[in-house]
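# Architecture and fold: a report
For reference, the chains in residue letters:
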Amino acid sequence: QEVLGEDKLMAILKERELKIYWGTATTGKPHVAYFVPMSKIADFLKAGCEVTILFADLHAYLDNMKAPWELLELRTRYYENVIKAMLESIGVPLEKLKFVRGTDYQLSKEYTLDVYRLSAVCVSLQALDEEYLKVDAQFGGVDQRKIFTFAEKYLPSLGYAKRVHLMNPMVPGLTGSKMTERRRGSTGGIKRGQGEHWVKGCGNLSLQDSKIDLLDRKEDVKKKLKKAFCEPGNVENNGVLSFIKHVLFPLKSEFVILREEKWGGNKTYTAYEALEKDFAEQGQRLGVTVCSPEPVFGGHCVLPGAWPAPWVYAEQHNCSLCTAEPAEKSTKNSEPENVVPSRLDIRVGKVISVEKHPDADSLYVEKIDVGEPEPRTVVSGLVQFVPKEQLQDRLVVLLCNLKPQKMRGVESQGMVLCAS
């Protein structure tokens, strides 16, 4: 969407391939909006650029200082596997891609000294990463423009070269808030990459509905899409249209609306502008039913088959571009659910507090950090099996997608898995 330092960029490209980095703080689970920067990173790699992806694990630790280093290590490996899978799923060569952790260099004597030098003139430590990663350019969301201009202004004061900065657009979430990948360098909430501070506090169900996690089940994706903001004719802050524009068209180059013959049959768009025009001009009555925003997202798996069901998918029920006759309601339970292990949301968490249940001698009430903004309250019948002292600060395996249930008056938001 925007480039700072285009003249320098062109000068570098006349001499050699560009070195560029993109960073993300490993503070939670990646979701489908990561395809926005990934599609551009794919372009960089295909063009021969040397791309470094920085996992800002130190920044993730400093975000709340609750996640133990062991958990951050696992998250970093997970992020690397997910990003590789995303790029491989769209046919991108990875020979010129490398991954770096912030703790590989951010705790060094040299970096620490530069932090003190930079703090005298500027609060953004993100600028220093450009020098220590030895890149020509940094890539991020347009919301980071102020950080990038700080870097351009203050890095030369330390004797370091001014870098090029490339920015991609923001993507609205499904509910009209932001569904974007995590970043750091903001004062507003979840960090890094493109600006998810509009989705601060993801424990809120309405905010969870605004984004699609890469490992969401197909059924969950469909529910979120049915709740999505997609008012007929309204193209502002429309998460469905924005996702089609910035993710699907760059990856697939066409978009198909499925509809019955009586409404004109299937309609294929090869340019996003035509789709947006038809959606905005709803008075033309194209014969596509308006009720809920479920356009066809392609019916394909985002990641390779080895990963558990991260579908970007929606059926044609009431997909809408303009006002027409109401669509027939789909038969409830017409599609049998697959009973597969990938439906289990199993995570590693840290027990940060353990107390006896006030009304049950055989139950513990634990607070467990699984990387969400707030720890989960979990009730476990472990009093007779595990001493309280052995549970405190322990890493446990938690089943997270059970329906919350009250156990003797205390709502339990998961199940600790145990074995003997």
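The coordinates are above.
One structure accompanies this document, and this report is about it. Since this is a predicted model, take the numbers as computed values, not measurements.

## Describing the overall build of the protein chain
A count of helical and extended segments in the protein chain gives twelve helices and 17 strands. Every one of the 420 residues in the protein chain was classed for burial, and the buried ones make up 50%. By sequence separation, contacts in the protein chain at least 24 residues apart represent 66% of the contacts at least 6 residues apart. Of the roughly 20200 Å² of accessible surface on the protein chain, a fraction of 51% belongs to carbon and sulfur atoms.

## Some points on the packing of helix α10 (residues 239-252) against helix α11 (residues 272-280)
Where α10 contacts α11, the two axes come as close as 10 Å, and the packing angle between them is 170°. Comparing the axis directions of α10 and α11 gives the class roughly antiparallel. Our pair here, α10 against α11, has a crossing hand that is right-handed. In this structure, α10 uses Leu241, Ile244, Lys245 and Phe249 to contact α11, whose residues at the interface are Tyr272, Leu275 and Phe279. The residue makeup of the contact of α10 with α11, split by class, is six nonpolar, no polar and one charged.

## Observations regarding helix α9 (residues 218-226)
Within the span of α9, buried status applies to Lys218, Val221, Lys222, Lys224 and Leu225. Axial view of α9: buried residues confined to an arc of 165°, hence all on one face.

## Digging into a nonpolar patch on the surface
Residues Leu74, Leu344, Ile346, Val348, Leu395, Val397, Leu402, Met415 and Leu417 make up a contiguous nonpolar surface patch of about 690 Å² in total accessible area. The set of elements that each furnish at least two residues to the nonpolar patch consists of β11 (346-357), β14 (395-399) and β17 (415-417). Inspection of the secondary structure puts Ile346 in strand β11.

## Notes on the packing of aromatic side chains
Taken as a whole and judged by the stated rule, the model has eleven aromatic pairs. Relative to Phe139, the ring of Phe44 lies with its centre 5.3 Å away and its plane at 90°, an arrangement referred to as edge-to-face. Remark: Phe139 occurs in strand β5 (residues 137-141) and Phe44 occurs in helix α2 (residues 35-46); sequence separation between them is 95 residues. The class for Phe139 is buried, based on a relative accessible area of 3%. Look at Tyr105 and Tyr111: their rings are 5.5 Å apart centre to centre, the planes differ by 75°, and that puts the pair in the edge-to-face class. Comparing Tyr105 with Tyr111, the two get one shared label, buried. One aromatic cluster in this structure is built from Trp22, Tyr34, Phe55, Tyr79 and Phe99.

## What about the packing of α2 against helix α4 (residues 69-89)?
α4 packs onto α2 with a crossing angle of 65° between their chain directions and a minimal axis gap of 10 Å. Of the two elements, α2 crosses α4, and the hand of that crossing is right-handed. Together, Phe35, Met38, Ile41, Ala42 and Leu45 of α2 and Ile83, Met86, Leu87 and Ser89 of α4 make up the contact between the two elements. When its residues are assigned to classes, the contact of α2 with α4 shows eight nonpolar, one polar and no charged.

## Topic: the environment of Trp22
With respect to the helices, strands and loops of the structure, Trp22 is situated in strand β2 (residues 19-24). Since its relative accessible area comes to 1%, Trp22 is described here as buried.

## Things to note about the nonpolar core
Residues Ile41, Val51 and Leu87 are the most contacted members of the largest nonpolar core, which totals 50 residues. Residue-level mapping places this core at the junction of two domains, with at least three residues from each of domain 1 (2-168) and domain 2 (218-291). The contacts of Leu87, once residues within four sequence positions are left out, are Met38, Ile41, Ala42, Leu45, Val92, Leu94 and Leu97. If you look at the next biggest cluster of nonpolar residues, it comprises 15 residues, including Tyr21, Leu128, Leu155 and Leu158.

What counts, and at which threshold
- Residues numbered from 1 in each chain as written.
- Predicted model: local features only at pLDDT ≥ 70, side-chain atom pairs only at ≥ 80, totals over all residues.
- Heavy atoms only, no water.
- Helix = DSSP H or I, 4+ residues; strand = E, 2+ residues; numbered from the N terminus.
- Buried < 20%, exposed > 50% of the residue type's maximum accessible area, 1.4 Å probe, protein only.
- Contact = heavy atoms within 4.5 Å.
- Areas by Shrake-Rupley, 256 points an atom, 1.4 Å probe, with all protein chains shown as cover.
- Axes fitted to C-alpha atoms, helices over the stretch in contact; angles between N-to-C directions.
- Parallel < 35°, antiparallel > 145°, perpendicular 65-115°, else oblique.
- Left-handed = near helix turned anticlockwise from the far one by under 90°.
- Nonpolar A, V, L, I, M, F, W, Y, C, P; charged D, E, K, R; others polar.
- Arc of directions from axis to C-beta.
- Patch = residues over 30% accessible without salt bridge, like charges linked within 9 Å, V, L, I, M, F, W, Y side chains within 5 Å.
- Salt bridge = Lys/Arg side-chain N within 4 Å of Asp/Glu carboxyl O.
- Phe/Tyr/Trp six-rings, centres within 6.5 Å; stacked < 30°, edge-to-face > 60°.
- Core = buried A, V, L, I, M, F, W, Y, C linked by side-chain atoms within 4.5 Å.
- Domains from an automatic or database assignment.

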